[in-house]
Every structure is written in C-alpha cells, then in structure tokens.
Amino acid sequence: MKPIVKQAEPAALTQFRQIYPEANWEGLRQANPPVYPHLKAQLRQDQGGLCAYCEIDLKPKKSPQEVDDFRIEHFHPKSDIHGHWTLNWSNMLGVCHGGSQRRVTESGQRFTENKRDHSCDVPKGAKALDDIILNPLNIPKTPALFHFDRAMGSMRVDQKACAQTGISAEKAQATIDHLHLNSSRLLRMRQQVLDHLNEQLMTLMDDGLTLQQARDRLALAYLSKNHEGLWPVAFFSAIRHYLGQSAESQLTKENSAPSS
C-alpha cells in the first residue's frame, strides 16, 4: 500500500450530490448524465493507475465480454446509515476486484476460485475497519512502511519506519492481514515483477554499469509516471523497496517536478 493524494472531487459528483443528496450508490451508478465514469477516471489519475490496496495495475477491459479490473471502494462502509458515506468523495478509492471476478482481462493471472486467496476490499467487505487498518489517504510518502522479499514476493511491516512516523506497527500488520495482501495470488504476481526487475539489473551490470548506475537507471524507468500520469508497472512499493536509495532519490525528483 502506498500513499494517495486525492485531487478535488469531480464536478459531476458535486452536481449530483446537490440534486440528489440522499441518493444511494445504485442511483449514482445509473445516473444520467453519467457520474460513475468521471469518478473512476479521477481515481485512476490520482492513484497513478494502481489499486489503492494491493497496487496491481487497474486494467481496463479489452473486449465487451470482459469487465474492468477496477471498481470504486468505500473505505468506510457505504451501508453505514450514521453519516453521509455513500457520496463522500474522500471515502472513495479505486481498487481491483481482488481476484474475485472471473471476467476481468488477464483472468488467468488475476482470477482465482479460491476465496481464501481473494484480497483488497473482497475480504474487507462491509466491515468498518477505519480504526483497525491503514487508510492510504493518511499514510506518509516517506519513509516506506513496508519491506518486500524478492524471492517470495511477500510484504512485511517496517517496524523502524512505523516508529519514525508514529504509525502503529500493529495497524500496519492488520492492514496486510485484513486485506490479504500476502495472498498466494499476490505473492506470485509480485514475485514475477521483482524477478524481472532483478534480471534487468543483472543485464545492465553485465553491460558494464555499476550496481548503483543500474539501480538508478531502473528507478528512472519504473518510478517515473508516463505521459498519462500513471505508474508504468504494478507493485510500486515492492519496486521501491528493491531499488533502495535509488528509488528514494528518483521519487524525490518525481515529487518535486512541476505538474504538467
């Protein structure tokens, strides 16, 4: 999980809420003119194209028979009648289907029938976990709160980083556990990305670059947003951890670059 900075809510949502302040989620989904696509587009932009929880890339469908591996999640359950959670822009995150949707693109990689292997908002369901897990809108940009094992693809809490930032290490661990961020499906996919990154590092060094030069080049390639403002590869935090200080230097440049 990485920090997310959200931009102002889309005008389409503001207008819809002014007209229908008590609307439910289905009413918004069926609104005409459409509102939901505006929300998805802004969330995708704000999150750099990655799932707010597991950081898999939010894939659009490739054919009419498929569905996007991308939907809107309410961090605090929209079913809670105590408060206006349904139409609250700050309560919305863009997430994947967590392995639960058979019809997503690349379903061979992304779908699993094993419900224990589902992740993100699927195991979270309608549970109110606000005080139990981390909200990506409220975690610091630095230092990173999680470490990743390249061989296994697993993530674990960085106790030192949590102490430095005042973040509860128990809450960080609960985030991994409740969202199933170490499910075998995610371990496999993270491992593939990290193995490929390691192969590229070795190739660059075989071509004569030093270890530092190779890491710097990969950090520039993988931790720079593309022309659409999206991260080029899934699992941002795992890549960040693997590339170490080269990643931190590149992200400092990325964060200080003027907006286009």
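Residues numbered from 1 in each chain as written. Predicted model: local features only at pLDDT ≥ 70, side-chain atom pairs only at ≥ 80, totals over all residues. Heavy atoms only, no water.

Every buried residue of helix H1 (residues 11-19) is accounted for by Ala12, Leu13 and Phe16. The buried residues of H1 occupy an angular sector of 95° when projected down its axis, which confines them to one face. Looking at the buried residues of H1, the elements they touch are helix H2 (25-29), helix H3 (36-46) and strand E2 (92-95). (Buried < 20%, exposed > 50% of the residue type's maximum accessible area, 1.4 Å probe, protein only. Helix = DSSP H or I, 4+ residues; strand = E, 2+ residues; numbered from the N terminus. Arc of directions from axis to C-beta. Contact = heavy atoms within 4.5 Å.)

Here the focus is the nonpolar core. The biggest cluster of nonpolar side chains holds 55 residues, and the ones touching the most others in it are Cys51, Tyr53 and Phe146. With near-sequence residues (within four places) excluded, Cys51 lies in contact with Ile56, Leu58, Gly94, Val95, Cys96 and Cys120. Tyr36, Leu43, Ile72 and Met92 belong to the second largest nonpolar core, which has 15 residues in total. (Core = buried A, V, L, I, M, F, W, Y, C linked by side-chain atoms within 4.5 Å.)

Here helix H8 (residues 184-206) contains 23 residues, and its C-alpha end-to-end distance of 32 Å stays within 8% of the 33 Å for a straight helix at 1.5 Å per residue. Turning to H8, its buried residues number three or more, namely Arg185, Leu186, Leu187, Met189, Arg190, Val193, Leu194, Leu197, Asn198, Leu201 and Leu204. Phi turns positive, to about 110°, at Gly208, one or two residues after H8. (Expected span 1.5 Å × (residues − 1).)

This part takes up empty space enclosed by the protein. Taken as a whole and assessed by the stated rule, the structure comprises two cavities of 30 Å³ or more. Looking at the largest cavity, it is lined by 13 residues, and the ones nearest its centre are Met1, Ala144, Leu145, Ser237 and Arg240. Those elements giving two or more residues to the lining of the largest cavity turn out to be strand E3 (146-148) and helix H10 (236-256). A volume near 40 Å³ is recorded for the second largest cavity. Considering the residues around the second largest cavity, the lining is formed by Met1, Tyr53, Cys54, Glu55, Phe148, Met155, Leu181, Arg190, Phe235 and Ala238. Taken together, the residues of the lining of the second largest cavity sort by class into eight nonpolar, no polar and two charged. (1 Å grid on protein atoms, 1.4 Å probe; cavity = no way out; pocket = protein on both sides within 12 Å on 5 of 7 lines; lining within 4 Å. Points joined across faces, edges and corners; volume = space filled by probe spheres on them. Nonpolar A, V, L, I, M, F, W, Y, C, P; charged D, E, K, R; others polar.)

One way to put it is that helix H9 (residues 211-222) packs onto H10 with a least axis distance of 8 Å and a crossing angle of 90°. Compared by their axis directions, H9 and H10 come out roughly perpendicular. Judged by residue contacts, Gln212, Arg215, Asp216, Leu218, Ala219, Leu220 and Tyr222 of H9 engage Ile239, Leu243, Ser246, Ala247 and Gln250 from H10. Its residues assigned to classes, the contact of H9 with H10 shows seven nonpolar, three polar and two charged. (Axes fitted to C-alpha atoms, helices over the stretch in contact; angles between N-to-C directions. Parallel < 35°, antiparallel > 145°, perpendicular 65-115°, else oblique.)

This brings us to the side chain of Asn198. Position of Asn198 relative to the elements: it lies in helix H8. Excluding residues that lie within four positions of it along the chain, Asn198 makes contacts with Arg150 and Tyr242.

Overall, the coordinates contain three aromatic pairs when judged by the stated rule. Aromatic side chains Phe16 and Tyr20 sit 5.1 Å apart centroid to centroid with 45° between the ring planes, which places their arrangement in the tilted category. We classify Phe16 as buried; its relative accessible area is 7%. Arranged with centres 5.9 Å apart and planes meeting at 75°, the rings of Trp25 and Tyr36 form a pair that is edge-to-face. (Phe/Tyr/Trp six-rings, centres within 6.5 Å; stacked < 30°, edge-to-face > 60°.)

Within this structure, the stated rule accounts for 13 salt bridges. A salt bridge links Asp57 to Arg110; the shortest N-O distance between them is 2.7 Å. Within this pair, whereas Asp57 is found in the loop between H3 and strand E1 (71-74), its partner Arg110 is found in helix H4 (residues 107-110), the two being separated by 53 residues in sequence. Asp57 gets classed as partly exposed once you look at its relative accessible area, which sits at 23%. In this structure, the salt-bridge partner of Lys62 is Glu106, at a minimum N-O distance of 3.7 Å. Of this pair, Lys62 sits in the loop between H3 and E1 while Glu106 sits in the loop between E2 and H4; the two residues are 44 residues apart in sequence, bridging distant segments of the chain. According to the relative accessible area criterion, Glu106 is partly exposed, its value standing at 33%. (Salt bridge = Lys/Arg side-chain N within 4 Å of Asp/Glu carboxyl O.)

Generally, phi is negative for residues other than glycine and the peptide bonds are trans, each holding for most cases. The residue after Asn32, namely Pro33, is reached through a cis peptide bond having omega 10°. Relative to the elements of secondary structure, Pro33 occurs in the loop between H2 and H3. With an omega dihedral of -5°, the bond running from Thr142 to Pro143 counts as a cis peptide bond. Here Pro143 shows up in the loop between helix H5 (121-124) and E3. Positive phi values are uncommon outside glycine, yet Glu55 reaches one of about 75°. For Glu55, the position within the fold is in the loop between H3 and E1. By relative accessible area, Glu55 is classed as buried at 2%.

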